[in-house]
Amino acid sequence: MSGFVYMMSDKPRGVIYIGVTSDLAGRIWEHRNHIHEGFTAKYRAEKLVWFERHPNIVLAIQREKSLKRYRRDWKIELIEGLNPTWLDLFERIDEIDNAYRPHSSTKMWSDYN
């Protein structure tokens, strides 16, 4: 099962929410329709501005935790590398394949088995 790390925002260079899921379209739909109370509902962060695909959910969770420690300007740089105009990518989820490409020294899934 693949995993996704994603970022939501309310506007260009606005609030940034980072999440992880195995069902990207379903989870973004939940954010946009305020199914769960939380950060995205409170701050109206309803636009999917960035995401990347991982081969499994374990690696996606590891990447999410890493991204949450990034400085804000690094997160903005990452978003603008994929989506320079901060468009809502929800309708284009199936058209974009932003697969995570780890640094050569990063441990891979096979290293944990």
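Residues numbered from 1 in each chain as written. Predicted model: local features only at pLDDT ≥ 70, side-chain atom pairs only at ≥ 80, totals over all residues. Heavy atoms only, no water.

A.B. asks: Residue-level account of the nonpolar core, with values.
C.D. replies: Core analysis: the largest hydrophobic core is formed by twelve residues, namely Phe-4, Tyr-6, Met-8, Leu-24, Ile-28, Ala-45, Leu-48, Phe-51, Leu-89, Phe-90, Ile-93 and Ile-96. Sorting the residues of this core by element identifies strand E1 (3-9), helix H1 (24-32) and strand E3 (47-54) as the ones contributing at least two each. With three residues, E1 is the largest single contributor of residues to this core. Aside from chain neighbours lying at most four places away, what touches Leu-89 is Leu-48, Val-49, Trp-50, Phe-51, Leu-82, Asn-83 and Ile-96. If you look at the next biggest cluster of nonpolar residues, it comprises eleven residues, including Val-5, Ile-18, Val-49 and Trp-50. (Core = buried A, V, L, I, M, F, W, Y, C linked by side-chain atoms within 4.5 Å. Buried < 20%, exposed > 50% of the residue type's maximum accessible area, 1.4 Å probe, protein only. Helix = DSSP H or I, 4+ residues; strand = E, 2+ residues; numbered from the N terminus. Contact = heavy atoms within 4.5 Å.)

A.B. asks: Help me get a handle on the pattern of salt bridges, residues and values and all.
C.D. replies: Tallied over the full model, the rule gives nine salt bridges. In this structure, the salt-bridge partner of Glu-46 is Arg-44, at a minimum N-O distance of 3.5 Å. With a relative accessible area of 21%, Glu-46 lands in the partly exposed category. The residue Arg-53 makes a salt bridge to Asp-97 at a minimum N-O spacing of 2.7 Å. Of the two residues, Arg-53 is situated in strand E3 and Asp-97 in the segment after helix H4 (72-82); the sequence distance between them amounts to 44 residues. Relative accessible area serves as the criterion here: at 52%, Asp-97 is assigned to the exposed category. (Salt bridge = Lys/Arg side-chain N within 4 Å of Asp/Glu carboxyl O.)

A.B. asks: Give me the lowdown on the packing of aromatic side chains, citing residues and values where you can.
C.D. replies: This model, assessed by the stated rule, comprises four aromatic pairs. The interplanar angle of 25 degrees and the centroid separation of 5.9 Å between the aromatic rings of Tyr-17 and Phe-39 together place this pair among those described as stacked. Of the two residues, Tyr-17 is situated in strand E2 (residues 16-21) and Phe-39 in helix H2 (residues 39-42); the sequence distance between them amounts to 22 residues. Each ring, one from Phe-39 and one from Tyr-43, has its centre 4.7 Å from the other, and the planes form 40 degrees; the classification is tilted. For Phe-39, a relative accessible area of 35% gives the class partly exposed. Members of the aromatic cluster, connected to one another through ring pairs, are Tyr-6, Tyr-17, Phe-39 and Tyr-43. (Phe/Tyr/Trp six-rings, centres within 6.5 Å; stacked < 30°, edge-to-face > 60°.)

A.B. asks: Provide a residue-level description of the environment of Arg-92, including the pertinent values.
C.D. replies: Relative to the assigned elements, Arg-92 resides in the segment after H4. Remark: the alpha-carbon pair of Arg-92 and Val-15, spanning 77 residues in sequence, is separated by 21 Å.

A.B. asks: Explain the side chain of His-31 to me, using residue names and the numbers behind them.
C.D. replies: Relative to the helices and strands, His-31 resides in helix H1. Here His-31 falls in the buried class, since its relative accessible area comes to 4%.

A.B. asks: Account for the sheet that holds E2, naming residues and giving values.
C.D. replies: As summarised here, the arrangement of the three strands in space is E2-E1-E3, forming an open sheet in which the pairing is antiparallel. Here the strands that pair on one side only, and so sit at the sheet edges, are E2 and E3. Going across the sheet, the axis of each strand differs from the next one's by a mean of 20 degrees, ignoring polarity. Here six bridges tie E1 to E2, and the two strands are oriented antiparallel to one another. Bridging across to E2, Met-7 finds its partner in Ile-18. Docked against the sheet, H1 engages E1, E2 and E3, running at close to 25 degrees with respect to E1. Of the strands in this sheet, E1, E2 and E3 touch helix H3 (residues 57-68), which is tilted by about 165 degrees from E2. (Pairing = 2+ DSSP bridges. Axes fitted to C-alpha atoms, helices over the stretch in contact; angles between N-to-C directions.)

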